[in-house]
Structures are given as structure tokens and as C-alpha cells.
Amino acid sequence: MIKKEMIAMLLAGGQGSRLGVLTSKVAKPAVAFGGKYRIIDFPLSNCINSGVDTVGVLTQYQPLRLNSHIGIGIPWDLDRNVGGITILPPYEKSGNSEWYTGTANAIYQNIDYMEQYNPEYVLILSGDHIYKMDYEIMLDYHKANNADVTIASMPVPMEEAKRFGIVVTDENNRITDFQEKPEEPRSNLASMGIYIFKWQVLKEVLVKLKDQSNCDFGKHIIPYCFEKDCRMFAYEYNSYWKDVGTLNSYWEANMELIDIIPVFNLYEEFWRIYTKSDTLPPQYIADTAKIERCIISEGCDIHGEVYNSVIGAGVTVEEGAVVKDSIIMKDSVICKGAKLDKAIVAEQVKIDENVEIGVGEMAPSKLDKKVYAFDLVTIGEKTYIPKNVKIGKNTVIMGQTSAEDYADGVLESGDYIIKAGDR
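Just so it is clear, the structure is predicted and the values come from calculations on it, not from any experiment. Throughout this description, residue numbers start from 1 for each chain and increase along the sequence as written. Under the rules for a predicted model, residues below a pLDDT of 70 receive no local features and side-chain atom pairs below 80 are neither given nor counted, while totals for whole chains, interfaces and linings still include all residues. The side-chain numbers reported here are obtained from all heavy atoms of the structure, hydrogens and water having been left aside.

What about the state of the cysteines?
Put simply, the test is: When two cysteine sulfur atoms lie within 2.5 Å, the pair is treated as a disulfide.
This model, assessed by the stated rule, comprises zero disulfides. Looking at C300, it has no disulfide partner, and the nearest cysteine sulfur is the one in C294, 10 Å off.

Structure, rendered in C-alpha cells:
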């Protein structure tokens, strides 16, 4: 039997519904981030930078692009004969077949995968957070405390604590209470959804709770371990960490990359973020271009004006176009005279000439006011927007639209166009 000290199980099957049309055809961990990266690149890079060379990636929702991006793990040096990266989708078993119904249920269904490495420890990760963490330091902390479970935790503002799983600790950081999204939190130390378990403890708990419907770490596994008086410790983390699960947090995290002194630095030599990169020509910046405080990825062709924006690979911005405070993803085209303000434009979108995006007064979304807010305009992948239309704030567009879809050439703030089959 192969022996590994610690293996990682990376949960990457989430639908990411709070990202709206950005995840209508792609899993949240495969959404583009920071120009050339995808969200899953960050936990995968953390793994290899931390010396964790065996990673199971649990996929479920819209896995095609995610699987294609990961491949056999070459960009992260995870193409190994022993260990490396393994995609773990749900599969049909004799007697029954079921989807992953919760985070812990997904891990339980892959006990055989973990067993073959006979690890001493198992690291549980989420595939949709942006951060840099040395898991080896967390493991050393786990060992020093002889912990059964260590939960990575970080302080949050007390008024936001009710949104998280909250840990209460003693002076030695041993967990004395765990509250899952409490109305009256007793602490502001929030679980980050990153756990290290002793393998034997994890296996025993997973088997014990295998019949629990929608079995989840925060709701079921962690409370059960606490009730059984396991040695549970909080590993406090005080660097940058962001859950990019909403359009606003996603937009903000991208905009933070272009600060003069970014709080999250992509350019550190000692902790690189790796990704699968296409072979593209260099970027071309024309003499007509004006660029201020942007990330411009390789293969771009920039003739217009781009301010405070993150531009993905292979994007064209034609002469006379103006892009402000926006995220433009891979292979999109912004045509002459188009003006964009606070837009999130997905991959392979064409915005035709003289389109104005992000105009007028704010109005709540008619589609989903919780998802589509923050004055952002969200445009789904492979969308076409015809010439000369004006698009308000908190709007959503997806599909091949035509002039007839815009009353008097306008999509009012809060309105949406989603073509049949693109929902």
C-alpha cells in the first residue's frame, strides 16, 4: 500500500448560483479570475507550494471546462506516477447511484480513493476561495497540538459573524464551542472551510454519519466531532482570504489586484500561482491606446482606452472604445465607440459598436435582486450585443441578442435579457 503523510481533498463541484449567469455553463472554480487564472488555480497552487502532491478534486456541476483546465495536473507539477491529481466525479455503484448531496457526503463517497494512500492526515479544501496559505505550517500546528481536527479560522467583523461557522476557543486555541451561522455569535473567529483531520478520525465519523441526508462538514461533521470530545483546535489565519461567491465579492477581489499596492500580490516569486496557459502571442498596445492601472493579459489587442480593469487573454478593445472599472474575460471583443462602466463580461462576448453599458440611475434587479446588485452589469458567455444600444445598471444579458430585444434601443436599469436555452 502506498503511504502518504497528508493528502488533499478539494471540493470543486459547487454550482455557484450567486454568480448568476457567470456559472450557468461552468462550475464556479473554473470561472476566470485575475485575467489569466481560474479560481481553482489558487488552492491547487497552495497545495504544490506546500508540498502536498496528492490531490483528489471532487467535481459535479458543469465539470467539462474544469476537467479540461486541470487535465493531468501538469501546470501544478501534479502529473505524478504516485499521487498527483485525480478528478473524482460521482459514479454509479452497484445497488444505487447518487449525486454528491453535501460536502461530507462527497468525501464519504471517495473513502476508497483516500484509503489507497493510507494517509495520516487529510486536508479538506474548497475550490472557490482566493488566498495563499502554507498548509505545511498548518499541519505542523496540527501535530504540535496532537489534534484530531484543526480548523483554519480568521477574525471577521462581529456584525458579519452570523454568516459563518463560528469557533469559540480557550487560551490555547482549543475549540470549546462551534456555532453554525449563529444569530448571536459568541466569537468573531470564522471557519474558513479548511480542515485537517487525522485520517482515522475522519473515516470513523464519515462512516458513522453516512446515512445523514445532505451530510455537510459545517452542519454535521464538525458538530459531531465536538460532541464526541475530539481534540479540536483553531488555526488562526490573518492574511488575505476571499470567498468570491457573489458578483460583488468577485468584482471587488479582481479590482483589488490592480491597487497600487495590492493586498493580494500575484507577483511574488516565492509563492507562485500556476495555471494552464494557452500558447498566445504577446499583447499589442496601439499608439491610440490609453491604459491606466490595469491587468492586461497576453494575446490582447488594445487600441482604445482601458482604466482600472482586468482584461483576460485574447481580448480586443477597438479604437474609440472605453472600458472602466470592468472585468473582461478571455476572447471577448469590445468594438469601436463602445463604453463600459462596472461591467463583468464573460468569455467570447462581442459588444458591437457604440454600445453604452452601465448608464442611468440604479434600479433593483427584476431577475434576482440578491444576485444582481451593486450597480454591476453582468454579461454571460458567448453573448452578442448589437450596435448602438444603451444598457442600465444591475442588468443581465445572456445569449445572441438583436436590436428587437431592446425597446427603443435601451435595456433599463434592473432589467434583463436571457435568451431561451441560455438560462
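There's more to say after this.
What about the sheet that holds strand β31 (residues 384-385)?
Applied cut-off: Two strands qualify as a pair provided that DSSP identifies no fewer than 2 bridges between them. Under the scheme used here, helices are H or I runs from DSSP no shorter than 4 residues and strands are E runs no shorter than 2 residues, and both carry numbers assigned from the N terminus.
Within the open sheet, the six strands sit side by side as β16-β19-β22-β25-β28-β31. Their pairing is parallel. Each edge of the open sheet carries a strand with a single partner, namely β16 (284-285) and β31. With two bridges joining them, strand β28 (residues 350-351) and β31 adopt parallel strand pairing. Its bridge partner being in β31, K350 is matched across the sheet by Y384.

Some remarks on the sheet that holds strand β30 (residues 377-379)
As a general point, the strands of a sheet are linked pairwise by backbone hydrogen bonds and lie either parallel or antiparallel. In spatial order, the strands read β18-β21-β24-β27-β30-β33-β35; together these seven strands make up an open sheet with parallel pairing. The two strands at the open ends of the sheet, each matched to only one other strand, are β18 (295-296) and β35 (416-418). Pairing geometry for strand β24 (residues 327-328) and strand β27 (residues 343-345), over two bridges, is parallel. Bridging across to β27, I328 finds its partner in V345.

Side note on the pairing of strand β4 (residues 54-58)
Each regular strand displays side chains that alternate between the two surfaces of the sheet. Rules: Burial classification: accessible surface area is computed with a 1.4 Å probe over protein chains only, and a residue below 20% of its type maximum counts as buried, one above 50% as exposed, and the rest as partly exposed. Every crossover in which the path from the first strand over the helix to the second runs clockwise, viewed with the strands pointing away from the viewer, is termed right-handed.
Across the five residues that make up β4, a large majority, five, are buried. Residue alternation in β4 divides its side chains into two sets, T54, G56 and L58 and V55 and V57, and both sets are buried. Alignment of strand β1 (residues 6-11) against β4, held across four bridges, turns out to be parallel. Looking across to β4, one finds that L10 is bridged to V57. Where β4 meets strand β5 (residues 84-88), five bridges bridge the pair, whose relative direction is parallel. Of the residues in β5, the one forming a bridge with V55 is I85. Running through helix α2 (residues 64-70), the crossover from β4 to the neighbouring parallel element β5 is right-handed.

Things to note about empty space enclosed by the protein
Stated formally: Residues are said to line a cavity or pocket when one of their atoms sits within 4 Å of a point; the points come from a 1 Å grid over protein atoms alone, cavities being sets where a 1.4 Å probe fits but cannot get out and pockets being open sets with protein on both sides within 12 Å along at least five of seven lines. Grid points are joined across faces, edges and corners, and a volume is the space filled by probe spheres set on the points. Charged residues are taken to be Asp, Glu, Lys and Arg, nonpolar residues to be Ala, Val, Leu, Ile, Met, Phe, Trp, Tyr, Cys and Pro, and polar residues to be all remaining types, Gly included.
Within the structure shown, the criterion is met by three cavities of 30 Å³ or more. As a volume, the largest cavity reaches approximately 80 Å³. By residue class, the composition of the lining of the largest cavity is eight nonpolar, no polar and four charged.

Details of unusual backbone geometry
Non-glycine residue N214 carries a positive phi angle of around 50°. In this fold, N214 is placed in the loop between α6 (199-208) and α7 (217-227). For Q348, which is not glycine, the phi dihedral falls at a positive 60°. Take Q348: it is sitting in the loop between β27 and β28.

Let's talk about the pattern of salt bridges
The line we're drawing: Each reported salt bridge corresponds to a side-chain nitrogen of Lys or Arg within 4 Å of a carboxyl oxygen of Asp or Glu.
Counting across every chain of the model gives 21 salt bridges. A salt bridge links D128 to K28; the nearest nitrogen and oxygen atoms lie 3.0 Å apart. Within this pair, whereas D128 is found in the loop between β8 (121-126) and β9 (129-131), its partner K28 is found in the loop between β1 and β2 (32-33), the two being separated by 100 residues in sequence. The pair D128 / K28 is uniform in exposure class, with both members buried. Among the salt bridges present, the one from E381 reaches R65, with a minimum N-O distance of 3.0 Å. Residue E381 is located in the loop between β30 and β31, and its partner R65 is located in helix α2; the two are separated by 316 residues in the primary sequence. You can call E381 buried: its relative accessible area is 9%. The network of salt bridges with common partners includes K4, D53, D77 and R80.

Quick word on the environment of Y135
Short version of the rule: Only heavy atoms enter the contact rule, under which two residues are in contact if any of them lie within 4.5 Å.
Mapping Y135 onto the fold places it in helix α5 (residues 135-144). The contact partners of Y135, leaving out residues within four places of it in the chain, are M6, P43, N46, C47, S50, L123, L125 and I196.

A closer look at the environment of E183
Examined against the element boundaries, E183 turns out to sit in the loop between β12 (175-180) and β13 (189-198). Spatially, the C-alpha atom of E183 lies 8.9 Å from that of R163, the residues being 20 residues apart in sequence.

Some thoughts on the pairing of strand β10 (residues 149-155)
Buried residues dominate β10, accounting for six of its seven residues. Bridge analysis of β10 against β13 gives six bridges, and the strand direction is antiparallel. Counted as the bridge partner of V149 is F197 from β13. Across five bridges, β10 lies against strand β14 (residues 232-236) in parallel orientation. Opposite V149, over in β14, you have M232 as the bridge partner.

Notes on the packing of aromatic side chains
Just so we agree on the cut-off: The criterion for an aromatic pair is that two Phe, Tyr or Trp rings (for Trp, the six-membered ring) have centres within 6.5 Å, with stacked assigned to planes under 30 degrees apart, edge-to-face to planes over 60 apart and tilted to the rest. Put simply, a charge is over a ring when the Lys NZ or the Arg CZ is close to the ring centre, within 6 Å, and near the line of the ring normal, within 35 degrees.
Inspection of every chain in the model, using the stated rule, returns 10 aromatic pairs. For the pair F33 and F42, a centre-to-centre distance of 5.6 Å together with 85° between the ring planes defines the contact as edge-to-face. No difference in accessibility class separates F33 from F42, as the two residues are buried. Taken together through their ring pairs, the aromatic side chains of F33, Y37, F42, Y240, Y250 and F264 make up a single cluster. Lying across the ring of F264, K132 places its NZ or CZ 5.2 Å from the centre. The ring of W251 is capped by K342, whose NZ or CZ atom sits 4.7 Å from the centre of that ring.

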